[in-house]
Amino acid sequence: DGCWTDKYHLSFATKDIELVDKLRDGTNLPWKQHSDFVHFKTYGVEQVGQWLNHWGLERCYTIDKYIPNKILSSSKNAVAALISGLYDTDGHIQVNRAKGGVGICVGFTNTSEKLVDQLQYLLLLFGIIAAFAKYRKQFMILFPLLLIWS
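Figured I'd write up the structure that's included with this text.

A few words now on the packing of aromatic side chains. Applying the stated rule across the entire model yields six aromatic pairs. Ring geometry for Trp-31 against Trp-51: centres 5.5 Å apart, planes inclined by 85 degrees, an arrangement best described as edge-to-face. Of this pair, Trp-31 sits in the loop between helix 1 (17–27) and strand 3 (32–33) while Trp-51 sits in helix 2 (residues 45–54), and the two are 20 residues apart along the sequence. Owing to a relative accessible area of 4%, Trp-31 belongs among the buried residues under this scheme. Between Tyr-87 and Phe-108, the aromatic rings sit 5.5 Å apart at their centres with planes inclined by 55 degrees, giving tilted as the arrangement. Pair noted here: Tyr-87 is in helix 4 (residues 76–90) and Phe-108 is in strand 6 (residues 103–110), with a separation of 21 residues, a long-range link. Residue class for Tyr-87 comes out buried when judged on its relative accessible area of 17%. Above the ring of Phe-126, the side-chain terminus of Lys-76 is found at 5.0 Å from the ring centroid. Positioned over the ring face of Tyr-66 is Lys-114, at 5.2 Å from the centre of the ring.

Below, the structure is given as structure tokens:
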């Protein structure tokens, strides 16, 4: 699990030392281990910029997020890992017990229409059909993507 909480800090948590070594070797960033032995961080504007460049990303507001071409054209396993990560962060499950039945809905909601549209396309590559809508909540426009199956 990882996060980018401000323009200077990147961090993640894992117990998988092999993953940490691969990140250190692949990005050449100084990932420092916290005293709890689970959390790792790197700090600095230059390090954040290097991380974004490594993945083909750029700084943007949440409404402008997108999946870079480098990832869109990756292997099916890499795309599956991306989808898993997206659902870990912005995915949800709703259970509806209306009218004596049980309905379950798996969804993903984000403020970036482009990201949701790209995710819908990637899901279709796995044979998963999803539909998304647009609605306003307070001062934000949200795009929920709902999985469809019969």
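What follows continues from the structure just given.
Before going further, it helps to spend a moment on the pairing of strand 9 (residues 140–148). Here strand 6 pairs with strand 9 via four bridges, running antiparallel. What sits directly across from Phe-108, in strand 9, is Leu-145. Pairing analysis gives four bridges linking strand 7 (residues 129–132) to strand 9, with the strands arranged antiparallel. Counterpart to Ala-130 in the pairing with strand 9 is Leu-147. Bridge analysis of strand 8 (residues 135–137) against strand 9 gives three bridges, and the strand direction is antiparallel. From the neighbouring strand, Tyr-135 faces strand 9, where its bridge partner is Leu-142. Between strand 8 and strand 9, which pair antiparallel one after the other, the connecting turn spans two residues, and Gln-138 there sits at a positive phi close to 55 degrees.

This part is about the nonpolar core. Formed by 16 residues in total, the largest nonpolar core has its most connected members in Ile-83, Tyr-87, Phe-108, Leu-119, Leu-123 and Leu-145. Those elements that place two or more of their residues in this core are helix 4, helix 5 (113–125) and strand 9. Per element, the largest residue contribution to this core is five residues, and it comes from helix 5. When neighbours within four sequence positions are excluded, Leu-123 is seen to be in contact with Ile-83, Tyr-87, Ile-128, Ala-130, Leu-145 and Leu-147. Core analysis: the next-biggest nonpolar cluster, separate from the first, contains ten residues, Leu-10, Phe-12, Val-20 and Leu-52 among them.

All right, on to a nonpolar patch on the surface then. Residues Ile-93, Val-95, Val-102 and Ile-104 make up a contiguous nonpolar surface patch of roughly 400 Å² in combined accessible area. When you line up the elements, Val-102 lands in the loop between strand 5 (91–96) and strand 6. For Val-102, a relative accessible area of 55% corresponds to the exposed category.

Thresholds, definitions, all that
- Residues numbered from 1 in each chain as written.
- Predicted model: local features only at pLDDT ≥ 70, side-chain atom pairs only at ≥ 80, totals over all residues.
- Heavy atoms only, no water.
- Phe/Tyr/Trp six-rings, centres within 6.5 Å; stacked < 30°, edge-to-face > 60°.
- Helix = DSSP H or I, 4+ residues; strand = E, 2+ residues; numbered from the N terminus.
- Buried < 20%, exposed > 50% of the residue type's maximum accessible area, 1.4 Å probe, protein only.
- Lys NZ or Arg CZ within 6 Å of the ring centre and 35° of its normal.
- Pairing = 2+ DSSP bridges.
- Core = buried A, V, L, I, M, F, W, Y, C linked by side-chain atoms within 4.5 Å.
- Contact = heavy atoms within 4.5 Å.
- Patch = residues over 30% accessible without salt bridge, like charges linked within 9 Å, V, L, I, M, F, W, Y side chains within 5 Å.
- Areas by Shrake-Rupley, 256 points an atom, 1.4 Å probe, with all protein chains shown as cover.
- Salt bridge = Lys/Arg side-chain N within 4 Å of Asp/Glu carboxyl O.

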